[in-house]
Amino acid sequence: MARKAARANLFEVAGGATSVTYATTGIAGQPSFHFRDADHDVNAEGTGIRTKKTELGALVTIDLDVVADGPSTTATLVLPTVNLGDQTEQKLRTLVMVTITANTIGGPDLVVGQLQRYKSVTVRGTAKSVAF
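Residues numbered from 1 in each chain as written. Predicted model: local features only at pLDDT ≥ 70, side-chain atom pairs only at ≥ 80, totals over all residues. Heavy atoms only, no water.

Asker: Just checking my understanding: could you explain the overall build of the protein chain for this structure?
Answerer: When helices and strands are counted, the protein chain shows zero helices and eleven strands. Along the chain direction, N to C, the helices and strands of the protein chain fall in the order β-β-β-β-β-β-β-β-β-β-β. Residues counted as buried form 36% of the 132 residues belonging to the protein chain. Look at the contacts in the protein chain between residues 6 or more apart in sequence, and 46% of them connect residues 24 or more apart. Accessible surface for the protein chain amounts to roughly 8200 Å². Of this, 51% is attributable to carbon and sulfur atoms. (Helix = DSSP H or I, 4+ residues; strand = E, 2+ residues; numbered from the N terminus. Buried < 20%, exposed > 50% of the residue type's maximum accessible area, 1.4 Å probe, protein only. Contact = heavy atoms within 4.5 Å. Areas by Shrake-Rupley, 256 points an atom, 1.4 Å probe, with all protein chains shown as cover.)

Asker: I would appreciate a short explanation of the nonpolar core in the present structure.
Answerer: Inside soluble globular proteins, nonpolar side chains tend to come together where they are buried. Counting 25 residues, the largest nonpolar core has Tyr 22, Phe 33, Phe 35, Ile 62 and Leu 77 as its most contacted members. Listing elements by their share of this core, those giving two or more residues are β2 (10–15), β3 (18–23), β4 (32–36), β5 (41–45), β7 (57–65), β8 (72–79), β10 (89–101) and β11 (116–128). Counting residues per element, this core draws most heavily on β7, which supplies four residues. (Core = buried A, V, L, I, M, F, W, Y, C linked by side-chain atoms within 4.5 Å.)

This is how it looks when you write it as structure tokens:
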């Protein structure tokens, strides 16, 4: 019977001024996400991290700036599945999307034109399996 491939649970990537560290679990038993760029240095844990499985891989998103009557900013790590095989670490190349969503005090329906603007950053690093 074939052995199931080990999956990575810690992802550390960077590109330019942007860096992300994402762990699917941790000592407290919940995920953690740290995002840093020229404008932000944000940590999120547990329910502050939203994950959606898509054909691209998992989209792992946190809020960077939330403004009730102005633009809000999120960071999304596009996370492919990484099978480690017999290794504890594999190289990783992917994207981080920073999304700025326009809003007004009357709600997003009052914004004319494109609501979301995107900044895509190619990042490289490692996917690891670690015991927490």
